[in-house]
Amino acid sequence: MRKLIITLILVLMPTLFFAQSVFDKFEDKDGVTTVVVNKKMFELIGNTKTDPKNKESKQYLDLVKKLDNLKMFTTGNAKIAGEMKATVESYLKKYPLDELMRVNEGGRNIKIYVKTGATSTQVRELLMFIDGGSAKDETVIMSLTGNFDLSEVSILTDQMNLPGGEHIKKASKK
């Protein structure tokens, strides 16, 4: 029940808090599902009381306090998917990130990039792009910014059930 409430809050609150990015042009397009969560929402979630004995909840709340933005755009439209791919490529040329992982799975290309912080495991930005590969598979852009440890990201993907989360989990273990 708690996960359902948190997910509902995450879905409904983003319209109140907004930060611009190159990917925001997909936000109002028909055929694109958008989820945007900003720092204020993460702060609100981070201040939630939890059972001190529940280690997983505590880790999740500690992580969300370190996050600034989560933006996710998904589409099954081939034309928009092409625009998304071009935008990601353009973004990576302008703001070079380190490729953390690349997976080709049944025609789908999954790429995860990071901008590291003070240490090699400290992350300032994580960008994941899933190229749908076919009409039945969705194309996904996910951008996560903040100042967090890469090993903590699997907690977020578990709690929020993010598309491509299993690949982020694998990358965070490497």
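Look a little higher up for the structure.
Please read all numbers here as calculations on a predicted model, not as lab measurements. (Residues numbered from 1 in each chain as written. Predicted model: local features only at pLDDT ≥ 70, side-chain atom pairs only at ≥ 80, totals over all residues. Heavy atoms only, no water.)

Draft legend 1. Structural context of the pattern of salt bridges. Within this structure, the stated rule accounts for 5 salt bridges. For K39, the salt bridge identified is with D68, shortest N-O distance 3.0 Å. Of the two residues, K39 is situated in helix α2 (residues 39-46) and D68 in strand β2 (residues 67-75); the sequence distance between them amounts to 29 residues. Taking relative accessible area as the criterion, D68 reaches 22% and is therefore assigned partly exposed. Between K85 and D131 there is a salt bridge, with its nearest N and O atoms 3.5 Å apart. With K85 in helix α4 (residues 78-94) and D131 in strand β5 (residues 122-131), this pair connects stretches of sequence that are 46 residues apart. Judged by relative accessible area, D131 falls into the buried class, the value being 17%. (Salt bridge = Lys/Arg side-chain N within 4 Å of Asp/Glu carboxyl O. Helix = DSSP H or I, 4+ residues; strand = E, 2+ residues; numbered from the N terminus. Buried < 20%, exposed > 50% of the residue type's maximum accessible area, 1.4 Å probe, protein only.)

Draft legend 2. Spatial organisation of α2. For α2, the full list of buried residues reads M41, F42, I45 and G46. Mapping the buried residues of α2 onto a view down its axis gives an arc of 140 degrees, with all of them on the same face. (Arc of directions from axis to C-beta.)

Draft legend 3. Spatial organisation of the nonpolar core. Of all hydrophobic cores here, the largest spans 26 residues; its most connected members are V64, L67, L126 and F148. Beyond its immediate stretch of four places on either side in the chain, V64 contacts F42, I45 and G46. Core analysis: the second largest hydrophobic core is formed by 14 residues, V32, I80, L97 and Y113 among them. (Core = buried A, V, L, I, M, F, W, Y, C linked by side-chain atoms within 4.5 Å. Contact = heavy atoms within 4.5 Å.)

Draft legend 4. Fine view of α4. Relative to the 24 Å expected for 17 residues at 1.5 Å per residue, α4 spans 24 Å between its end C-alpha atoms, a close match to the ideal helical length. The inward-facing, buried residues of α4 contact β1 (32-38), β2, β4 (108-116), β5 and β6 (139-149). The N-terminus of α4 is capped by N77, whose side-chain oxygen sits 2.8 Å from the backbone nitrogen of K79. (Expected span 1.5 Å × (residues − 1). Polar contact = N/O pair within 3.5 Å; in protein donor to acceptor, adjacent residues only side chain to side chain.)

Draft legend 5. Just the packing of α2 against helix α3 (residues 55-64), in detail. Close contact between α2 and α3 brings their axes to 8 Å; oriented N to C, the two are set at 150 degrees. Taken as axis vectors, α2 and α3 run roughly antiparallel relative to one another. In this structure, α2 meets α3 at a crossing whose hand is left-handed. Between α2 and α3, the contacting residues are F42, I45 and G46 on the first element and Y60, L61 and V64 on the second. (Axes fitted to C-alpha atoms, helices over the stretch in contact; angles between N-to-C directions. Parallel < 35°, antiparallel > 145°, perpendicular 65-115°, else oblique. Left-handed = near helix turned anticlockwise from the far one by under 90°.)

Draft legend 6. Here's a closer look at the pairing of β5. Taken across its 10 residues, β5 has 9 buried, putting it largely inside the fold. Two elements, β4 and β5, share 8 bridges in a ladder whose sense is antiparallel. Paired with K111 across the strands is F129, a residue of β5. Where β4 folds back on β5, the antiparallel hairpin that results is connected by 5 residues. The sheet contact formed by β5 and β6 spans 8 bridges and is antiparallel. Pairing of E125 across the sheet is with T145, part of β6. (Pairing = 2+ DSSP bridges.)

Draft legend 7. Region of the structure containing the sheet that holds β6. Taken together, the 6 strands give an open sheet; going across it, the order is β1-β2-β6-β5-β4-β3, and neighbouring strands pair in antiparallel fashion. The sheet is open, and its two edges are formed by β1 and β3 (98-105), each paired on a single side. Direction aside, the axes of adjacent strands within the sheet are offset by 10 degrees on average. Taken together, the 7 bridges between β3 and β4 define a ladder with antiparallel strand orientation.

Draft legend 8. Region of interest: the environment of V36. With respect to the element layout, V36 can be found in strand β1. Between the C-alpha atom of V36 and that of K71, which follows or precedes it by 35 residues, the distance is 4.5 Å.

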